[in-house]
Amino acid sequence: MAAITGLCDRLGVIEALDAAVGPVKQRNRGYGAGELLTGIAAAQLAGEDFLVGLDRQRADTAGQQLAPVPGLSSTTAAGLARRITARQWTAVEHGVAAVTGRMLALLPAPGRRR
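Computed from a predicted structure; not experimentally measured.

**A word on helix α1 (residues 2-11)**
Move 1: For α1, the complete set of buried residues consists of T5, C8 and L11. The arc that holds the buried residues of α1, viewed along the axis, is 140°, so those residues lie on one side. The outward face of α1, more than 90 degrees from its buried face, is lined by the exposed residues A3, D9 and R10.
Move 2: Contact partners of the buried residues in α1: α2 (13-21), α3 (33-45) and α7 (86-106).
Move 3: Immediately downstream of α1, the backbone of G12 shows phi near 65°, a positive value.

**Examining the nonpolar core**
A general tendency of soluble globular proteins is for nonpolar side chains to be buried together.
Move 1: Ranked by internal contacts, the top residues of the largest apolar core, which has 19 residues, are V13 and V24.
Move 2: Elements with a minimum of two residues in this core: α1, α2, α3, α6 (74-83) and α7.
Move 3: Per element, the largest residue contribution to this core is five residues, and it comes from α2.
Move 4: With near-sequence residues (within four places) excluded, V24 lies in contact with A33, L80, R83, I84 and Q88.

**With respect to a nonpolar patch on the surface**
Move 1: A surface patch of nonpolar side chains, about 230 Å² in accessible area, is lined by M103, L104 and L107.
Move 2: Counting through the fold element by element, M103 comes out in helix α7.
Move 3: With a relative accessible area of 40%, M103 lands in the partly exposed category.

Procedures and definitions
- Residues numbered from 1 in each chain as written.
- Predicted model: local features only at pLDDT ≥ 70, side-chain atom pairs only at ≥ 80, totals over all residues.
- Heavy atoms only, no water.
- Buried < 20%, exposed > 50% of the residue type's maximum accessible area, 1.4 Å probe, protein only.
- Helix = DSSP H or I, 4+ residues; strand = E, 2+ residues; numbered from the N terminus.
- Arc of directions from axis to C-beta.
- Contact = heavy atoms within 4.5 Å.
- Core = buried A, V, L, I, M, F, W, Y, C linked by side-chain atoms within 4.5 Å.
- Patch = residues over 30% accessible without salt bridge, like charges linked within 9 Å, V, L, I, M, F, W, Y side chains within 5 Å.
- Areas by Shrake-Rupley, 256 points an atom, 1.4 Å probe, with all protein chains shown as cover.
- Salt bridge = Lys/Arg side-chain N within 4 Å of Asp/Glu carboxyl O.

Right, here's the structure in full:
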C-alpha cells in the first residue's frame, strides 16, 4: 500500500481527478471525488470487492498510516458517489487521462514510444 500511496502522490492522482470532476458538494470539506475514487481503487488493490471493504481497511489502524485516503468509510463513499452527476462521471476520464500523461512523461523516451 505504501507503493500505491507514493505513486498516487507522485502522479497527483487525487488532484487530477478533483480538477477534472470539480466540486461534488456545496461546502468544501470532507472527501472529494478524487479521494473517493482513489480510496476505492486502493481498497480494490488491497483485495476488497465491495464498498464494505472500505470499512475493513479503515479498521486496520496500521494500514491506514499507509493508505492514500485514510478514514474513508463505505457509507461516506456511497453518499458521495450518489452526489456525482453524469457529467462529472464522464469527466473522470479526463482526470485519468491527465494522470496517464504524467506517468508517460516520467518514462524514458524509448518507453514512451512503445
